[in-house]
2 protein chains.
Amino acid sequence: MTKKKNDFVKEITPMEEDFPRWYTDVILKNELVDYSPVKGFMVIRPYGYALWEKIQEYADARFKETGHKNMYFPLLIPESLLNKEKEHVEGFAPEVAWVTHGGSEKLGERLCVRPTSETIICQMYSKWLNSYRELPYLYNQWCSVVRWEKSTRPFLRTSEFLWQEGHTLHETAEEAQEETLQMLNIYKELAEELLAMPVVIGQKSESEKFAGAASTYTMEALMHDGQALQAGTSHNLGQHFTKAFEIKFQGRDGKEHNPYHTSWGISTRLIGGLIMVHGDNRGLVLPPRIAPVQVVIIPIAQKKPGVLEKADELYEKLKDKGIRVEVDDNPKESPGWKFNQYEMKGYPIRVEMGPRDIENNQAIIVRRDTLEKEVISLENFDSSTAEKLEEMQADMLKKALKHREDNTHIMEDYEEYKNKPEIRKGFAKAMWCGCAECEAKLKEDTGATIRCIPFEQEELSDKCHFCGKEAKHMVYIARAY
Amino acid sequence: MTKKKNDFVKEITPMEEDFPRWYTDVILKNELVDYSPVKGFMVIRPYGYALWEKIQEYADARFKETGHKNMYFPLLIPESLLNKEKEHVEGFAPEVAWVTHGGSEKLGERLCVRPTSETIICQMYSKWLNSYRELPYLYNQWCSVVRWEKSTRPFLRTSEFLWQEGHTLHETAEEAQEETLQMLNIYKELAEELLAMPVVIGQKSESEKFAGAASTYTMEALMHDGQALQAGTSHNLGQHFTKAFEIKFQGRDGKEHNPYHTSWGISTRLIGGLIMVHGDNRGLVLPPRIAPVQVVIIPIAQKKPGVLEKADELYEKLKDKGIRVEVDDNPKESPGWKFNQYEMKGYPIRVEMGPRDIENNQAIIVRRDTLEKEVISLENFDSSTAEKLEEMQADMLKKALKHREDNTHIMEDYEEYKNKPEIRKGFAKAMWCGCAECEAKLKEDTGATIRCIPFEQEELSDKCHFCGKEAKHMVYIARAY
Ligand SMILES: [Zn+2]
Ligand SMILES: [Zn+2]
């Protein structure tokens, strides 16, 4: 019965063969997640949730450092509130879940389960705000949201997901824009520093922006299979909501004004990105900073005198150094089985140590990303291990960046791009006139979309790749999750 | 417009005059919470949420220390799952919110917004569990739950609240009972160490236990007005759910068994308790360990040379000591106004320091609980302040304990208790035969209920106070929130 797990290691579909199945194998066999009895809703299991906790820890500290505080707003939003901002309701109404009964009574007005909280938060802000002296409002909420999705995939697109949503108000348009970009930059740092996941940052096109936003900024990452993932967004909402919800303050001039507004969010989707950027055919590969366990010590020939004692000694040493470490001294499984198991789980470093090693005052370290073995002296073992972890973190970012660069092409000719699916893998940089027609055509022809207008512009040509008219922007194009 | 806040300080209704209004004044004027557009749902504002974060931090660390890990289960539960455990559905069905539509489509089966997650979690556990080797299952979830309430009061009883729910499985009945009591003890320590809120722990009567539990254990605190608050519960669920949901494992004997099951929870209700145990007519009084800000420094005559510099120096010194400290150097408000403001907000210690004090190398410290002023040398000011905070934490627990003892009476005669409302304030200890009729009669006659059968039993008499038959237990009785 319990032997099921034994076979998992060998049961991951190679990614070259079937990438979606590889992904599903990795998340299910590592028990990151499971399907729930409600279609499209997922259970996040302890190993998956531990990754989310690390993301929360990093992000929450950065939010607080930059002056934000957390709040909690109600889960249920009256239909009439959702209807207040026209573009917003059009964007979200088709995908919300509706509560119609409380206990045995039918409700007078339907309530939706929040798909995002701009409306309820703006309603409260309009009640609270009086004077420019109280601005900026810098608040955030950690919660779950529900968006009824037809086709779902754990972490990447589910009908319920965990996220944070920041909602801020500012006296001036400039301050709101500054906040929008500040938070996008924090997201970029989180992606690169914590997840070792390089991202391109830039602005969304009109058609791809958030329902109700003045402008939406995004970070886009490239997955192993050459598809892009929108990994976090930050919206400058201008005065769209603050006018619709009549949020007003007395300004320095003694007159009434509507404040400027931002919102920004990252979600459990990041975990999907993490897996698809770093994973390989043996399973997960976790960057050390986010790994719930960074080092596993596997004693070899553990029945021999002194082996377990030495393993425990190493454990204590690494723990004292602040390294998240475990010893696996389960006598029922072989070292070889354990190696496979922890490779599948993506533990960054495994330490092998048997009687011979102890004699020589050494241990063997195997890095999960390179699978290279190295003999390390037990002298200063804690410092050597800490260094290895930092090296590995940096190398993983470099490797992912190289993968992105190798898979970022400059569009030569649109007809060629359209007709050769093999060159549509990865990002393509192209010039765009800025019109919605060219954007729609691209999507229809190829399934790829404009991921963003990157902040770092290059002038590849002065003509739009799609219509030949004058080009306005360079854009990143890709098929996306 | 902004002057509104100015008046708040004087606007708290004295608690002797109207305790519920005092409570409402304290929570609204301190901006802990606000009413939302949906009746019975509350917004937790930053100052209130910061209290919840401290509770989470303490509890989560204790859960992990004792081997528990966090997960996340879906918000929505199919009606058919809720129906699987008979007592459970009878207990919860009348108060759940029902989702009937996803997007524009009517659902085939209604989904309830989780009122608690036993059912969905058991469904998943039945899928996951194979062998006794995998036990115990020690998992917890932080989330919000919805229970449609007719009459609500912020923090104490709302249609949505934040909580944690632990859900564990064990091989034996003994282990499940041990876990149930271990978690109750952690709750008691949280209440007493962090919130300085003394609690009585014991077992709930049959009629008051959780829907579906074998036995429910509770901690009960006494509020300022003499009413009790159920502040946390831990349930031994026996095999009720594991049988209903067919959770099975292969035991050491090679045969199939149903595991034993516990669940336990604390919620944002604790914040209501915190307020009603310690608050006074000036507002909140926060025990130092949970206070988001522990010390506020208020410079006096701050325009005089050197005052602000000295205040900043103190600030840095306290901060380096790990004390959560703020300086209020707002030139637009007077020190007197500030004193009132921070007393209302319940900041544990305020430091006053003017040119004279600086000359004498001293500052004045005022403790929020006693309002006593003390002159403290600036020599070792950080250590003196840290000591004061710890003293205050201990004194607040002592004071609350004394209040409880002063308001815990031994029931002499039931008729007297019934007829004199004034002696029904506080806890009454009474002897009980254990029958449901006596319990129901007490409730009908007096509005008071059996809060618990405490672990610390005393034999006050050998007869039931209500029917005169043989007594089985001493119980704590009170009117409760
Ligand atoms: Zn064009
Ligand atoms: Zn009786």
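Only a predicted model underlies this, so the values are computations on that prediction, with no experimental measurement involved.

Draft legend 1. How the structure looks around the overall build of chain A. Looking only at helices and strands, one finds 15 helices and 23 strands in chain A. Taken over the C-alpha trace, chain A has a radius of gyration of 25 Å; the compact-globule value for 481 residues is 23 Å, and the two agree within 12%. Split into buried and exposed, the 481 residues of chain A put 59% on the buried side. Put simply, chain A has 65 plus and 78 minus side-chain charges, and the middle of one group is 3 Å from the middle of the other.

Draft legend 2. Spatial organisation of the interface of chain B and chain A. At the junction of the two partners, chain B supplies 63 residues and chain A supplies 63 residues. Joining chain B to chain A, the criterion identifies 4 salt bridges. Where Glu53 of chain B meets Lys64 of chain A, a salt bridge forms, and the shortest distance between an N and an O atom there is 3.0 Å. By residue number, the principal contributor to the side of chain B that touches chain A is strand β5 (residues 97-102) of chain B, which donates 6 residues.

Draft legend 3. Highlighting the coordination of the zinc ion (ligand 1). Residue and element names in this part refer to chain A. Bound to the zinc ion (ligand 1) on the protein side are Cys433 (SG), Cys438 (SG), Cys464 (SG) and Cys467 (SG), at distances that span 2.3 to 2.4 Å. Given 4 donor atoms and angles of 100 to 115 degrees at the metal, the environment of the zinc ion (ligand 1) is assigned as tetrahedral. Sequence spacing of the donor residues for the zinc ion (ligand 1), all on one chain, is C-x4-C-x25-C-x2-C. Of this pair, Cys438 sits in helix α15 (residues 436-446) while Cys464 sits in the loop between β22 (449-454) and β23 (473-478), and the two are 26 residues apart along the sequence.

Draft legend 4. Summary view of the sheet that holds strand β6 (residues 105-113) of chain B. One open sheet holds the 6 strands; their spatial order is β4(A)-β6(A)-β5(A)-β5(B)-β6(B)-β4(B), and the pairing between them is antiparallel. Each edge of the sheet is formed by a strand with only one pairing partner; in this case those strands are β4 (76-78) of chain A together with β4 (76-78) of chain B. Taking each pair of neighbouring strands and ignoring which way they run, the sheet shows an average axis angle of 45 degrees. With 4 bridges connecting them, β5 of chain B and β6 of chain B associate as antiparallel partners. Of the residues in β6 of chain B, the one forming a bridge with Val99 of chain B is Leu111 of chain B.

Draft legend 5. View of the pattern of salt bridges. Residues and elements named next belong to chain B. Evaluated as defined, the whole model comprises 74 salt bridges over all chains. Put simply, Glu352 and Arg350 hold a salt bridge, and the shortest N to O gap is 3.0 Å. The exposure classification of Glu352 matches that of Arg350, with both residues buried. Linking Asp445 and Lys418 is a salt bridge whose minimum nitrogen-to-oxygen distance equals 3.9 Å. Of this pair, Asp445 sits in helix α15 (residues 436-446) while Lys418 sits in helix α14 (residues 414-419), and the two are 27 residues apart along the sequence.

Draft legend 6. Spotlight on the side chain of Lys204 of chain A. Residues and elements named next belong to chain A. By the secondary structure assignment, Lys204 is in the loop between β9 (200-203) and β10 (215-222). Exposure remark for Lys204: the relative accessible area of 4% places this residue in the buried category. A distance of 3.0 Å separates the side chain of Lys204 from the backbone oxygen of Arg451, its partner in a polar contact. Discounting chain neighbours no more than four positions away, the residues touching Lys204 are Lys209, Thr216, Thr218, Glu220, Gln230 and Arg451.

Draft legend 7. Structural view of a negative patch on the surface. Together, Glu309, Asp312, Glu316, Asp320 and Asp329 of chain A make up a negatively charged patch on the protein surface. Within the fold, Asp320 of chain A resides in helix α10 (residues 307-320).

Draft legend 8. Spatial organisation of the nonpolar core. Grouped together as the largest cluster of nonpolar side chains are 152 residues, with contacts concentrated most on Ile55, Phe155 and Ile275 of chain A together with Ile55, Phe155 and Ile275 of chain B. Not counting chain neighbours up to four residues away, the residues in contact with Phe155 of chain A comprise Tyr23, Ile27, Leu32, Val33, Met42, Ile44, Thr268, Arg269, Ile271, Gly272 and Ile275 of chain A.

Draft legend 9. Region of the structure containing the pairing of strand β15 (residues 295-299) of chain B. All names here are of chain B. Among the 5 residues of β15, 5 are classified as buried, and the element is accordingly described as predominantly covered. Of the two faces of β15, the one lined by Val295, Ile297 and Pro299 and the one lined by Val296 and Ile298 are each fully buried. With 3 bridges connecting them, β15 and strand β16 (residues 325-327) associate as parallel partners. Within β16, the residue paired with Val296 across the bridge is Glu326. Taken together, β15, helix α10 (residues 307-320) and β16 form a β-α-β motif whose crossover is right-handed. Alignment of β15 against strand β17 (residues 349-353), held across 5 bridges, turns out to be parallel. Bridge pairing in β17 links Ile297 to Val351.

Draft legend 10. Structural detail: the relation of the copies chain B and chain A. Note on the copies: chain B fits chain A at an RMSD of 0.0 Å, the axial shift is 0.0 Å, and the rotation between them is 180 degrees. One copy is carried onto the other by what is essentially a two-fold rotation axis. By C-alpha distance to the rotation axis, the residue of chain B lying nearest is Val99 of chain B, at 2.1 Å. A share of 100% of interface residues in chain B that are also interface residues in chain A marks the association as one of identical surfaces.

Draft legend 11. View of unusual backbone geometry. Residue and element names in this part refer to chain A. Here the bond from Leu135 into Pro136 is cis, since omega is -5 degrees, no more than 30 degrees from zero. Tracing the sequence through the fold places Pro136 in the loop between α6 (118-128) and β7 (137-146). The backbone phi angle of Phe155 is positive, close to 75 degrees, even though this residue is not glycine. Here Phe155 shows up in the loop between β7 and β8 (160-170). Non-glycine residue Ala301 carries a positive phi angle of around 50 degrees. Among the secondary structure elements, Ala301 is positioned in the loop between β15 (295-299) and α10. For Ala301, a relative accessible area of 35% translates into the label partly exposed.

Draft legend 12. Structural detail: the environment of Glu53 of chain A. By the element assignment, Glu53 of chain A lies in helix α3 (residues 46-65). In sequence terms Glu53 of chain A and Pro292 of chain A are 239 residues apart; their C-alpha atoms lie 9.2 Å from each other. What Glu53 of chain A contacts, discounting residues up to four positions off in sequence, is Asp60, Lys64 and Asn70 of chain B. Polar contacts involving the side chain of Glu53 of chain A include one to the side chain of Lys64 of chain B, which spans 3.0 Å. In terms of polar contacts, Glu53 of chain A uses its side chain to reach the side chain of Asn70 of chain B, at 2.7 Å.

Draft legend 13. Focus on the UniProt feature "domain: Aminoacyl-transfer RNA synthetases class-II family profile" (unreviewed entry) in chain A. Within this numbering scheme, the UniProt entry marks residues 45-287 of chain A as carrying the feature "domain: Aminoacyl-transfer RNA synthetases class-II family profile" (unreviewed entry). Helix makes up 33% of residues 45-287 of chain A and strand 31%, and the two end C-alpha atoms of the span are 19 Å apart.

Draft legend 14. A look at the domain arrangement of chain A. According to the domain assignment, chain A consists of domain 1 (8-278), domain 2 (295-391) and domain 3 (408-478). A straight line from the C-alpha centre of domain 2 of chain A to that of domain 3 of chain A covers 49 Å.

Draft legend 15. Up close: the packing of helix α3 (residues 46-65) of chain B against helix α9 (residues 269-278) of chain B. All names here are of chain B. Two elements in contact, α3 and α9, have axes whose closest approach is 10 Å; the angle formed by their N-to-C orientations is 105 degrees. With respect to each other, α3 and α9 are oriented roughly perpendicular. Residue-level inspection shows Gly48, Leu51, Trp52 and Ile55 of α3 in contact with α9, the latter providing Leu270, Ile271 and Leu274. Considering only residue class, the contact of α3 with α9 consists of 6 nonpolar, 1 polar and no charged.

Draft legend 16. Looking closely at the pairing of strand β8 (residues 160-170) of chain B. All names here are of chain B. Counted residue by residue, β8 has 11 buried out of 11 residues, so it is predominantly covered. Of the two faces of β8, both are covered, the one formed by Glu160, Leu162, Gln164, Gly166, Thr168 and His170 as well as the one formed by Phe161, Trp163, Glu165, His167 and Leu169. Both strand β7 (residues 137-146) and β8 contribute to a ladder of 10 bridges, which runs antiparallel. In the strand pairing of β8, Val145 is matched with Phe161. Relative to strand β14 (residues 260-267), β8 runs antiparallel, the two being bridged by 8 bridges. Within β14, the position partnered with His170 by the bridge is Tyr260.

Draft legend 17. Structural detail: the side chain of Thr262 of chain B. Residue and element names in this part refer to chain B. Mapping Thr262 onto the fold places it in strand β14. Residue Thr262 is classed as buried on the basis of its relative accessible area of 0%. Among the polar contacts made by the side chain of Thr262, one reaches the side chain of Trp264 at a distance of 3.2 Å. Apart from the residues within four sequence positions on either side, Thr262 is in contact with Gly166, His167, Thr168, His170, Ala176, Glu179, Thr180, His235 and Leu237.

Cut-offs applied
Residues numbered from 1 in each chain as written. Chains lettered and ligands numbered in written order. Predicted model: local features only at pLDDT ≥ 70, side-chain atom pairs only at ≥ 80, totals over all residues. Heavy atoms only, no water. Helix = DSSP H or I, 4+ residues; strand = E, 2+ residues; numbered from the N terminus. Rg over C-alpha atoms; globule rule 2.2 N^0.38 Å. Buried < 20%, exposed > 50% of the residue type's maximum accessible area, 1.4 Å probe, protein only. Lys, Arg positive; Asp, Glu negative; His and termini not counted. Charge placed at Lys NZ, Arg CZ, Asp CG, Glu CD. Contact = heavy atoms within 4.5 Å. Salt bridge = Lys/Arg side-chain N within 4 Å of Asp/Glu carboxyl O. Donors = N, O, S within 2.8 Å, 3.2 Å for Na, K, Ca; no water. Tetrahedral: all angles 85-135°; square planar, octahedral: opposite > 155°, others 65-115°. Pairing = 2+ DSSP bridges. Axes fitted to C-alpha atoms, helices over the stretch in contact; angles between N-to-C directions. Polar contact = N/O pair within 3.5 Å; in protein donor to acceptor, adjacent residues only side chain to side chain. Patch = residues over 30% accessible without salt bridge, like charges linked within 9 Å, V, L, I, M, F, W, Y side chains within 5 Å. Areas by Shrake-Rupley, 256 points an atom, 1.4 Å probe, with all protein chains shown as cover. Core = buried A, V, L, I, M, F, W, Y, C linked by side-chain atoms within 4.5 Å. Right-handed = clockwise from strand over helix to strand, strands pointing away. Least-squares fit on C-alpha atoms with pLDDT ≥ 70 in both. UniProt positions renumbered as here; feature names shortened; annotations may be inferred. Domains from an automatic or database assignment. Parallel < 35°, antiparallel > 145°, perpendicular 65-115°, else oblique. Nonpolar A, V, L, I, M, F, W, Y, C, P; charged D, E, K, R; others polar.

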